[in-house]
Amino acid sequence: MYQPSRGAARRLGPCLRAYQARPQLPNLFLHSHDYTLYSLDVEFINEILNMRTKGRTWYILSLTLCRFLAWNYFAQLRLEVLQLTRHPENWTLQARWRLVGLPIHLLFLRFYKRDKDELYRTYDAYSTFYLNSSGLICRHRLDKLMPSHSPPTPVKKLLVGALVALGLSEPEPDLQLCSKA
């Protein structure tokens, strides 16, 4: 395992502090990003799109592609950081984050709906940033973009309850396995 020198540990401190504060985290989908936090030979491992790049220029192009794909799928989009942890023992920063957005196709199909809250979709992902001895990010690994299911809304529960009470719907299927004599 790599053991950093004291000078490298001092250089690592500002980078860790920058990523530890949530308000200072870059919002990749709305603003341009500060790429000076990355080394010139940064490696990007994107398990979602199954691609690997090496070099800061290719990293910038890859993130631009991800932003382009996200903005072509979602009409409204925001990035939420759920958890950010640092691990000085192996020089990594790990981030759990979520994309929340309104898919364009649902917006077109359900344009007549006044309340579009139930149309929003959320996708959770996990990123690991590996730091080098200079305190710069030398590898970014992006994993597990998967839909997260939101709990059912109380309005739907109320509607189903009203239908059951009126006898228009049954809470569970009526299985008549025995014939009546």
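Residues numbered from 1 in each chain as written. Predicted model: local features only at pLDDT ≥ 70, side-chain atom pairs only at ≥ 80, totals over all residues. Heavy atoms only, no water.

Side note on helix α2 (residues 56-73)
Compared with an ideal rise of 1.5 Å per residue, which puts 18 residues at 26 Å, α2 spans 26 Å between its outermost C-alpha atoms and is within 8% of the ideal. What α2 keeps buried is the set Y59, S62, L63, C66 and A70. End-on, the buried residues of α2 take up no more than an arc of 95°, which puts them together on one face. Turned more than 90 degrees away from the buried face of α2 sit T57, W58 and F68, all of them exposed. (Helix = DSSP H or I, 4+ residues; strand = E, 2+ residues; numbered from the N terminus. Expected span 1.5 Å × (residues − 1). Buried < 20%, exposed > 50% of the residue type's maximum accessible area, 1.4 Å probe, protein only. Arc of directions from axis to C-beta.)

A short note on unusual backbone geometry
Positioned with a positive phi, N50 is a non-glycine residue whose angle comes to about 55°. Position of N50 relative to the elements: it lies in the loop between β1 (38-46) and β2 (51-54).

Examining the nonpolar core
Core analysis: the largest hydrophobic core is formed by 22 residues, its most contacted members being Y38, Y59, L77, W97 and F129. Looking at this core, the elements that each hand over two or more residues are β1, α2, β3 (74-87), β4 (92-103), β5 (121-131) and β6 (137-148). Those residues within four positions of Y59 in sequence are excluded, and the remaining contacts are Y35, Y38, V42, F44, T53, F129 and H140. (Core = buried A, V, L, I, M, F, W, Y, C linked by side-chain atoms within 4.5 Å. Contact = heavy atoms within 4.5 Å.)

Focus: the packing of aromatic side chains
For the coordinates displayed, the defined rule picks out six aromatic pairs. A ring pair is formed by Y35 and Y38, whose centres lie 6.1 Å apart and whose planes are at 40°; its orientation type is tilted. The same class applies to Y35 and to Y38, which are both buried. Measuring from ring centre to ring centre gives 6.3 Å for Y35 and Y59, while their planes differ by 85°; the resulting arrangement is edge-to-face. With Y35 in the loop between α1 (6-20) and β1 and Y59 in helix α2, the pair connects residues that are 24 residues apart, well separated along the chain. Of the residues examined, Y35 reaches a relative accessible area of 14% and is grouped as buried. With relative accessibility at 1%, the residue Y59 sits in the buried group. Clustering of aromatic rings is evident, with ring pairs tying together Y35, Y38, F44 and Y59. The aromatic ring of Y130 is capped on one face by R139, whose charged end is 5.0 Å from the ring centroid. (Phe/Tyr/Trp six-rings, centres within 6.5 Å; stacked < 30°, edge-to-face > 60°. Lys NZ or Arg CZ within 6 Å of the ring centre and 35° of its normal.)

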